[in-house]
Amino acid sequence: MDQGVIVLVITDGVLRNGMQSYIVQQSNGQDVKVFATLKAFEKADICLVDVLFLDENSVAADKIIETTARLTKRCPVVLLSQRLQSDYVRQILQAGAQGFIYRDGFLQESVPGAVRVVKRGVVYISPRAAALLTTSSLLWNNLSPRAKHVLKMMSEGMTVKEIARDLKVTPKTIYRDRERLREALNVGTNEQIVAEAQRQGLV
């Protein structure tokens with residue numbers, strides 16, 4: 001089987017050069033093509049691509065899912081992202097991406113690992129993103145339906161009294177639900193509940 005090229009579409013020159021270096025050092029001379037823009041890659045005449053690393057900053061934020069889905073028809077795509085939200089990771093994978101790497105400073109390990117895994121036809125998710133997917137699923141599944149509803153209402157800015165009145169329970173019951181939410185989300189204050197739930201893509 002012919003070996004294809006690894007493509008980097010990354011606007012940031014420092015990141016682009018660093019990633020190229022990581023790949024070349026650990027892939028026995030694999031051909032790596034680098035592009036500063038997606039348009040430049042799409043104009044290039046490259047027939048066989050083993051892995052395309054796409055930096056989300058090279059695509060308009062509202063087009064990233066659509067662009068990922070389009071590119072995966074041509075070659076395996078691994079998205080590089082600074083967004084660590086479970087729903088976002090799931091959407092990228094559902095769009096057909098072969099991998100998701102959270103840009104957390106450990107790219108020298110994640111990038112060569114992604115090359116090896118994706119070339120074998122297996123999906124690669126960097127450690128922090130994988131942990132988030134697992135954690136957020138477990139947290140959400142273990143919350144009671146009422147606690148999920150309380151979280152949603154809190155995210156809409158409702159007070160404890162308003163939530164209690166709407167759910168026809170006492171405020172004391174909502175305080176208990178809030179305490180469970182704090183424990184499940186591992187935050188110290190009520191103010192952090194919604195922010196952390198949003199960060200994890202739960203609301």
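Above this text you will find the structure in question.
Fair warning: this is a prediction, and the values are worked out from it, not measured in the lab. (Residues numbered from 1 in each chain as written. Predicted model: local features only at pLDDT ≥ 70, side-chain atom pairs only at ≥ 80, totals over all residues. Heavy atoms only, no water.)

## Structural notes on the sheet that holds strand β1 (residues 5-9)
We count it as follows: Strands were regarded as paired on the criterion that DSSP finds at least two bridges between them. Each helix corresponds to a stretch of at least 4 residues labelled H or I by DSSP, and each strand to a stretch of at least 2 residues labelled E; elements are numbered beginning at the N terminus. Working rule for contacts: check all heavy atoms of both residues, and any pair within 4.5 Å makes them a contact. Every angle, taken between N-to-C directions, lies between 0 and 180 degrees, and every axis is a line fitted to C-alpha atoms, over only the stretch in contact when it is a helix.
On the basis of which strands lie adjacent, the open sheet formed by six strands has the order β2-β1-β3-β4-β5-β6 and parallel pairing. For this open sheet the edge positions go to β2 (32-35) and β6 (124-125), each flanked by a neighbour on one side alone. When strand β3 (residues 49-55) meets strand β4 (residues 77-81), the two strands line up parallel, connected through four bridges. Looking across to β4, one finds that Leu 54 is bridged to Leu 79. Of the strands in this sheet, β1, β2, β3 and β4 touch helix α1 (residues 13-26), which is tilted by about 175° from β2.

## Looking at α1
The line we're drawing: Here, expected helix span is obtained from the residue count minus one, scaled by 1.5 Å.
Between its terminal C-alpha atoms α1 stretches 20 Å, which fits the 20 Å expected from 14 residues at 1.5 Å a residue. Contact partners of the buried residues in α1: β1, β2, β3, β4 and α5 (107-119).

## What to know about the pairing of strand β5 (residues 99-102)
Note on strand geometry: in a regular strand, side chains alternate between the two faces of the sheet. Stated formally: Partly exposed residues are those whose accessible area sits between 20% and 50% of the maximum for their type, while under 20% is buried and over 50% is exposed, using a 1.4 Å probe and protein chains only. A crossover counts as right-handed when, viewed with the strands pointing away from the observer, the path leading from the first strand over the helix to the second turns clockwise.
Along β5, one buried face is formed by Gly 99 and Ile 101 and the opposite face, lined by Phe 100 and Tyr 102, is buried too. Following the backbone out of β4, through helix α4 (residues 86-94) and into the adjacent parallel β5, one traces a crossover that is right-handed. As judged from the two bridges shared by β5 and β6, these two strands associate in the parallel manner. Bridge assignment links Gly 99 to a residue of β6, and that residue is Tyr 124.

## Observations concerning the packing of aromatic side chains
Formally: Note on aromatic contacts: the rings of Phe and Tyr and the six-membered ring of Trp form a pair at centre separations within 6.5 Å, being stacked when their planes are under 30 degrees apart, edge-to-face when over 60 apart, and tilted otherwise. Consider the ring centre and the ring normal. A charge sits over the ring if Lys NZ or Arg CZ is within 6 Å of that centre and within 35 degrees of that normal.
One pass over the full model with this rule turns up two aromatic pairs. Measuring from centroid to centroid gives 6.2 Å for Tyr 88 and Phe 100, while their planes differ by 85°, and the two rings are edge-to-face. Of this pair, Tyr 88 sits in helix α4 while Phe 100 sits in strand β5, placing them 12 residues apart in sequence. Owing to a relative accessible area of 0%, Phe 100 belongs among the buried residues under this scheme. The ring of Tyr 88 carries the charged tip of Arg 83 above its face, separated from the ring centre by 3.6 Å.

## Quick look at the nonpolar core
For clarity, the threshold we go by: Working definition of a nonpolar core: buried Ala, Val, Leu, Ile, Met, Phe, Trp, Tyr and Cys residues. They are joined through side-chain atoms within 4.5 Å.
Of all hydrophobic cores here, the largest spans 26 residues; its most connected members are Val 7, Val 9, Phe 41, Val 49, Leu 52, Leu 54 and Phe 100. Contributions of two or more residues to this core are made by β1, α2 (38-43), β3, α3 (64-71), β4, α4, β5 and α6 (127-142). Once you skip the residues sitting within four places of it in the chain, Leu 52 turns out to touch Val 7, Val 9, Phe 41, Leu 71, Cys 75, Pro 76, Val 77 and Val 78. Grouped together as the second largest cluster of nonpolar side chains are 19 residues, Ile 10, Leu 15, Ile 101 and Leu 107 included.

## Observations regarding the side chain of Asp 55
With respect to the helices, strands and loops of the structure, Asp 55 is situated in strand β3. Judged by relative accessible area, Asp 55 falls into the buried class, the value being 0%. Filtering out sequence-adjacent residues up to four positions away, Asp 55 remains in contact with Val 9, Ile 10, Thr 11, Leu 15, Leu 80 and Arg 103.

## Looking at the packing of helix α7 (residues 145-155) against helix α10 (residues 191-199)
Helix packing for two helices is described by the angle between their axes and how far apart those axes are. Stated precisely, the cut-off is as follows: Roughly parallel means an angle under 35 degrees; roughly antiparallel, over 145; roughly perpendicular, 65 to 115; everything else is oblique. Under the scheme applied here, ten amino acids are nonpolar (Ala, Val, Leu, Ile, Met, Phe, Trp, Tyr, Cys and Pro), four are charged (Asp, Glu, Lys and Arg), and all others, including Gly, are polar.
α10 packs onto α7 with a crossing angle of 100° between their chain directions and a minimal axis gap of 10 Å. By the angle class used here, α7 and α10 are roughly perpendicular. Contacts between α7 and α10 involve Leu 151, Met 154 and Ser 155 on the former and, on the latter, Ile 193, Val 194 and Ala 197. Tallied by class, residues from the contact of α7 with α10 come to five nonpolar, one polar and no charged.

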